[in-house]
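Residue strings, one per chain:
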Amino acid sequence: MKKVFSLAAMTFFMIGFYACQNKVESGPSFIFKKAPSKEAVAKVNGKTITEAEVFNDIRGDIYQKRMEEYQLKMGKLKSYLLESYINSDPNKKDLTNDQFVEKFITSKVVISDAEINAFAKERKIPQVTPELKERIKKFLIDGKKREAIESWLDTKLAKNPVEVYLEKPQRPVYKVSAGNSPFAGGKNAKVEIVEFSDFQCPYCAKAAELVGQIKKKYGDKVKVVFKNYPLAFHKDAFKAAEAGLCAHEQDKFWKMHDLMFAEQNALGVDDLKDKAKRLGLDTKKFNECLDTSKNAERVRGTMAEGQAASVKSTPTFYVNGQLVMGAQPLDVFSEIIDEELAKVK
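Presented here is a report on the structure given in the accompanying data block. (Residues numbered from 1 in each chain as written. Predicted model: local features only at pLDDT ≥ 70, side-chain atom pairs only at ≥ 80, totals over all residues. Heavy atoms only, no water.)

1. A few points about the state of the cysteines
Okay, so step 1: As enumerated under the stated definition, the model contains one disulfide in all.
Okay, so step 2: No disulfide involves Cys201; its sulfur sits 3.1 Å from that of Cys204, the nearest cysteine.
Okay, so step 3: Here Cys204 falls in the buried class, since its relative accessible area comes to 0%. (Disulfide = S-S within 2.5 Å. Buried < 20%, exposed > 50% of the residue type's maximum accessible area, 1.4 Å probe, protein only.)

2. Here we look at empty space enclosed by the protein
Okay, so step 1: Summed over the entire model, instances satisfying the criterion amount to one cavity of 30 Å³ or more.
Okay, so step 2: Here the largest cavity is characterised by a volume of approximately 60 Å³.
Okay, so step 3: What lines the largest cavity is simply Gly60, Asp61, Tyr174, Ser310, Val311, Lys312, Thr316, Tyr318, Leu323 and Met325.
Okay, so step 4: Counting residues per element, the ones that place at least two in the lining of the largest cavity are helix H3 (59-87), strand E6 (316-319) and strand E7 (322-325).
Okay, so step 5: Taken together, the residues of the lining of the largest cavity break down into five nonpolar, three polar and two charged. (1 Å grid on protein atoms, 1.4 Å probe; cavity = no way out; pocket = protein on both sides within 12 Å on 5 of 7 lines; lining within 4 Å. Points joined across faces, edges and corners; volume = space filled by probe spheres on them. Helix = DSSP H or I, 4+ residues; strand = E, 2+ residues; numbered from the N terminus. Nonpolar A, V, L, I, M, F, W, Y, C, P; charged D, E, K, R; others polar.)

3. Some details on the packing of aromatic side chains
Okay, so step 1: This model, assessed by the stated rule, comprises 12 aromatic pairs.
Okay, so step 2: Centroid distance Phe100 to Trp152: 5.9 Å. Interplanar angle 70°. Geometry classified as edge-to-face. One end of the pair, Phe100, is in helix H4 (residues 97-105); the other, Trp152, is in helix H6 (residues 130-159), with 52 residues separating them in the sequence.
Okay, so step 3: A residue is classified by how much of its surface remains accessible, and Phe100, at 1% relative accessible area, is buried. (Phe/Tyr/Trp six-rings, centres within 6.5 Å; stacked < 30°, edge-to-face > 60°.)

4. Description of unusual backbone geometry
Okay, so step 1: Cis rather than trans, the peptide bond between Thr314 and Pro315 has omega equal to -5°.
Okay, so step 2: Topologically, Pro315 is positioned in the loop between helix H12 (296-308) and E6.
Okay, so step 3: The backbone phi angle of Asn45 is positive, close to 55°, even though this residue is not glycine.
Okay, so step 4: Along the chain, Asn45 falls in the loop between strand E1 (40-44) and strand E2 (47-50).
Okay, so step 5: For Asn45, a relative accessible area of 80% translates into the label exposed.
Okay, so step 6: Unusually for a residue other than glycine, Ser310 sits at a positive phi of about 65°.
Okay, so step 7: With respect to the helices and strands, Ser310 occurs in the loop between H12 and E6.
Okay, so step 8: Given the relative accessible area of 15%, Ser310 is considered buried.

5. Quick word on helix H10 (residues 269-278)
Okay, so step 1: Within H10, burial applies to Leu272, Lys275 and Ala276. The buried residues of H10 all sit within an arc of 100° when viewed along its axis, so they share a single face. Structural note: H10 exposes Asp270 and Lys277 on the side pointing more than 90 degrees away from its buried face.
Okay, so step 2: For H10, the secondary structure elements touched by its buried residues are helix H8 (237-248), helix H9 (253-262) and helix H11 (283-291).
Okay, so step 3: Gly280 sits one or two residues past H10 and shows a positive phi near 80°. (Arc of directions from axis to C-beta. Contact = heavy atoms within 4.5 Å.)

6. Notes on H11
Okay, so step 1: What H11 keeps buried is the set Phe286, Cys289 and Leu290. Around the axis of H11, the buried residues are gathered within 95° of arc, so they sit on the same side. Exposed residues on H11 whose side chains face more than 90 degrees from its buried face are Lys284 and Glu288.
Okay, so step 2: Of the surrounding secondary structure, the elements contacted by the buried residues of H11 are H8, H9 and H10.
Okay, so step 3: Where H11 begins, the capping side chain belongs to Asp282, and its oxygen is found 3.2 Å from the backbone nitrogen of Lys284. (Polar contact = N/O pair within 3.5 Å; in protein donor to acceptor, adjacent residues only side chain to side chain.)

7. Quick word on the packing of H10 against H11
Okay, so step 1: Axis separation between H10 and H11 bottoms out at 10 Å; the angle between their running directions is 155°. Relative to H11, H10 is oriented roughly antiparallel. As for the relative orientation of H10 and H11, their crossing is right-handed in sense. Across the interface between the two elements, Val269, Leu272, Lys273, Ala276 and Lys277 from H10 touch Thr283, Phe286, Asn287, Leu290 and Asp291 from H11. (Axes fitted to C-alpha atoms, helices over the stretch in contact; angles between N-to-C directions. Parallel < 35°, antiparallel > 145°, perpendicular 65-115°, else oblique. Left-handed = near helix turned anticlockwise from the far one by under 90°.)

8. Observations concerning the pairing of E7
Okay, so step 1: Bridge count between E6 and E7: four bridges; the pairing is antiparallel. Residue Thr316 lies in a different strand from E7, and its bridge partner there is Met325.
Okay, so step 2: Between the antiparallel neighbours E6 and E7 lie two residues, among them Asn320 with a positive phi of about 50°. (Pairing = 2+ DSSP bridges.)

9. Details of the pairing of E1
Okay, so step 1: Alignment of E1 against E2, held across four bridges, turns out to be antiparallel. Its bridge partner lying in E2, Val44 is registered against Lys47.
Okay, so step 2: Taken together, E1 and the strand that follows it, E2, pair antiparallel across an intervening segment of two residues, in which Asn45 is found at a positive phi of about 55°.

10. Looking at a nonpolar patch on the surface
Okay, so step 1: A surface patch of nonpolar side chains, about 200 Å² in accessible area, is lined by Val162, Val164 and Leu166.
Okay, so step 2: When you line up the elements, Leu166 lands in the loop between H6 and strand E3 (183-185).
Okay, so step 3: For Leu166, a relative accessible area of 34% corresponds to the partly exposed category. (Patch = residues over 30% accessible without salt bridge, like charges linked within 9 Å, V, L, I, M, F, W, Y side chains within 5 Å. Areas by Shrake-Rupley, 256 points an atom, 1.4 Å probe, with all protein chains shown as cover. Salt bridge = Lys/Arg side-chain N within 4 Å of Asp/Glu carboxyl O.)

What follows is the structure in structure tokens.
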């Protein structure tokens, strides 16, 4: 992985000139003016420097920060609207807003033991003590209350639509190609989802479930491409990436993919060979492929692709090039997929 320590250190070093200093240097270092064009960010020695030149490798970070601002503003707007509707409700009378919410919006919220047990099972919590059970229950109740409030507000808004003038940030778009990486779905689908993933990453295991949901919902309307991006601190991830490609040579990539994510605690070489045997692969070919590191260069190749596309963590997705960081809910992907499909109708 390309080292950027020296540049990062220099950045923080430079920032130091603008904080916590007793001595103040005279003379302006920067002269702030209105930009001559939308793309321009600065001019030095008569040369205009553009956003693409300076910010290309942090477009994803910029998008995340802009989304944080957008979500903060939307949350405040919803809170304002909620208070307005509560205050105008005839049942409000002398109740406080919190009392109104508890009495008329969230009063039916309950959590069963089955829901608590399902939560613990999903998160692989081995033992639920009475204290932990109460904490889980409170967490689930708070979530359901938020859902109930959202639903109540949505009902009000359905009758009185609100025009919103806040501009939603646009996802940065990158050029990422499927190449010869394993894929599922329609070969020539109009929507292509490229995922950079790590078989030892727990968040990627969550993403594997998400990918299954996408494949189930959209079938051949989308093409889901898997690219290896093993992280250096996951000691078994690189060899697991090789194993996936060895299985791909026998048309069993997705079966191996699912099994490795299901058994993330067993990704040593012997474990990988055992998985191949259980999946019915030709073990002689698989073992030779794995032992000779036949696909190591292919793995390094997709890692280089990821670095070029500014992948900073796993999982990272590109939906027709649009960046989606992390194992986001299905709704996030569906919104983008549906918009892309609508473009080609």
